[in-house]
Amino acid sequence: MTDRSPFEDFRALARADRPDTAAAVAATRAREAQLTKPAGSLGRLEAISEWLASVTGRAPPAVDRPRVVVFAASHGVADRGVSAFPSSVNAQMLANFREGKAAINQICGAYGIGLSVFDLAVDVPTGDIAEVDAFASERDTAATLAFGLEAIANNVDLLGLGEMGIGNTTVAAALCAAILGGSGADWAGPGTGVTGSALARKAEVIDLAVARVAGETDPFILLQRIGGREIAAMAGAILAARSQGVPVVVDGYVATSAAVVVHAMNPAAIDHCIFAHRSAEPAHARAMAALGVEPLLDLGMRLGEGTGAALAMGLIKAAAACHSGMATFAEAGVDGPA
Ligand SMILES: Cc1cc2ncn([C@H]3O[C@H](COP(=O)(O)O)[C@@H](O)[C@H]3O)c2cc1C
Ligand SMILES: O=C(O)c1cccnc1
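Residues numbered from 1 in each chain as written. Chains lettered and ligands numbered in written order. Predicted model: local features only at pLDDT ≥ 70, side-chain atom pairs only at ≥ 80, totals over all residues.

**Q** Looking at this model, I keep getting lost on the overall build of the chain. Mind explaining?
**A** What the chain contains, in helices and strands, is 15 helices and five strands. For 338 residues, the compact-globule estimate of 2.2 N^0.38 gives 20 Å, and the chain sits close to it at 20 Å. Taken along its principal axes, the extent of the C-alpha atoms in the chain is 70 × 50 × 35 Å. Of all intrachain contacts in the chain linking residues separated by at least 6 positions in sequence, the fraction that spans at least 24 positions is 80%. (Helix = DSSP H or I, 4+ residues; strand = E, 2+ residues; numbered from the N terminus. Rg over C-alpha atoms; globule rule 2.2 N^0.38 Å. Contact = placed C-beta atoms within 7 Å.)

Spelled out as structure tokens, the structure:
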């Protein structure tokens, strides 16, 4: 037996080069220039088409099987009053998702996007990160990363990542602070509606968690010690999607914290991700600035569940439809620029 780390496979995924898709990108760019519209007039939609081609290697790009995956988990730290809601909401929201009655069900329904919801043992909270490690071992953490690989089953060709987990804006903040620097106050926000002295306490709880891991720089160890199951699963999904050429749409602050973990392994390992929206959770903008990414939408949303991702996926579907469905000037007999 060797003492090979259970994280090794995930480290290898994060380090691997993506296939060369330059030909698909060039073909997309050439086609875009011939479509019946003034050059550049579809703005960022044109960049989205090119991004799809660069991730999938397909030209013209198509979005036929988009899916939002929601990972649900419970957090020991939620018992510290860091959320406006109790952890019992997690199992209750799982039932609500199953009944098709949550916000994410409606948005996916409106846009024809598939939805999978995974219960990552919501009855068993992870350790309270202010005091103990979230996961008992590297092996447990790796198992949850591996569970995230399931997200790209069903031949998904556009993957939206969402989550449900009372207390998880605290966990996301702890990961951002430990990896990107700054204090609990820099990364704490209202989440479900925490304000005033409760928000100050939330910042202190984040500081306690970060102090416990002072000096630790390995992103996967940080995930084990101050992370959570839904964030680990989203990190695993990001890595799996990259290795299979599946474009990923990252939702809000909590989903972005999973991207922060992967980015810390290798900045290029999130080059297949697009950021759906700027969440109203204040630190989300800070996290995206650190990643050097610009979100597609800014609708003042702060729900999670993949709702921002689903909205952006509607837009991405439309971008691909324009690119592949529009006639060229020659096909339509439309005069080009004078
Ligand atoms: C009914 C309800 C539905 C939700 N759907 C997503 N969240 C969001 O709120 C939680 C994070 O905020 P905090 O860290 O303040 O607990 C996560 O479950 C997130 O997905 C919800 C929260 C509630 C209460
Ligand atoms: O942006 C998010 O991911 C978010 C914000 C508030 C509550 N839950 C999630």
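**Q** What's the story with the UniProt feature "active site" (unreviewed entry) in the chain in this structure? I'm lost.
**A** UniProt annotation of "active site" (unreviewed entry) refers to Glu305 when read in the numbering used here. With respect to the element layout, Glu305 can be found in the loop between α13 (283–291) and α14 (307–325). Classification of Glu305 by C-beta neighbours within 10 Å gives buried; the count is 27. In contact with Glu305, not counting residues within four places along its chain, are Val70, Ala102, Ala103, Ile104, Gly162 and Met164. (UniProt positions renumbered as here; feature names shortened; annotations may be inferred. Buried ≥ 20, exposed ≤ 12 C-beta atoms within 10 Å, placed from the backbone.)

**Q** Got a minute to help me understand the environment of Asp119 in this structure?
**A** In this structure, Asp119 sits in strand β2 (residues 114–119). When near neighbours in sequence (up to four residues on either side) are disregarded, Asp119 contacts Ala72 and Leu94.

**Q** Would you mind showing me how to read unusual backbone geometry here?
**A** Here the amide bond leading from Ala59 into Pro60 is cis, since omega sits at -5°, within 30 degrees of zero. Tracing the backbone shows Pro60 in the loop between α3 (44–56) and β1 (66–72). One non-glycine residue, Asn154, adopts positive backbone phi at about 70°. By the element assignment, Asn154 lies in the loop between α6 (138–148) and β3 (158–164). For Asn155, which is not a glycine, the phi torsion comes out positive at approximately 55°. Note that Asn155 resides in the loop between α6 and β3.

**Q** Sorry if this is basic, but what is going on with the sheet that holds β2 here?
**A** Note on sheets: strands pair through backbone hydrogen bonds, and any given pair is parallel or antiparallel. Taking strand neighbours across the sheet as the criterion, the five strands line up as β2-β1-β3-β4-β5 in an open arrangement whose pairing is parallel. Each edge of the open sheet is held by one strand with a lone partner, namely β2 and β5 (273–275). For this sheet the average axis-to-axis angle between neighbouring strands, irrespective of direction, equals 25°. Two strands pair when backbone bridges link them, and β1 and β2 are joined in this way by six bridges, in the parallel orientation. From the neighbouring strand, Arg67 faces β2, where its bridge partner is Gly114. Contacts from helix α11 (residues 229–243) reach β1, β3, β4 (248–250) and β5, with the element oriented near 170° to β3. (Pairing = 2+ DSSP bridges. Axes fitted to C-alpha atoms, helices over the stretch in contact; angles between N-to-C directions.)

**Q** What is the right way to read the site of ligand 2 from this model?
**A** As a matter of local geometry, ligand 2 sits amid 13 residues, with Gly252, Tyr253, Val254, Ser279 and Gly304 nearest to it. Of the residues forming the shell around ligand 2, the biggest block, three residues, is contributed by helix α12 (residues 253–265). Residues of the shell around ligand 2, tallied by class, amount to three nonpolar, seven polar and three charged. (Near = placed C-beta within 6 Å. Nonpolar A, V, L, I, M, F, W, Y, C, P; charged D, E, K, R; others polar.)

**Q** When you look at the nonpolar core in this model, what are you seeing that I'm missing?
**A** Counting residues in each nonpolar core, the largest one holds 111 residues, and the members touching the most others are Leu159, Leu175, Ile238 and Val249. With near-sequence residues (within four places) excluded, Leu175 lies in contact with Leu222, Ile226, Gly227, Ile231, Ser257, Val260 and Val261. (Core = buried A, V, L, I, M, F, W, Y, C linked by C-beta atoms within 7 Å.)

**Q** Would you take a moment to explain the site of ligand 1 for this structure?
**A** Taken together, 19 residues sit near ligand 1, with Ser83, Thr169, Gly191, Thr192 and Gly304 positioned nearest. With three residues, helix α7 (residues 168–180) is the largest single contributor of residues to the shell around ligand 1. For the shell around ligand 1, a count of residues per class yields eight nonpolar, nine polar and two charged.

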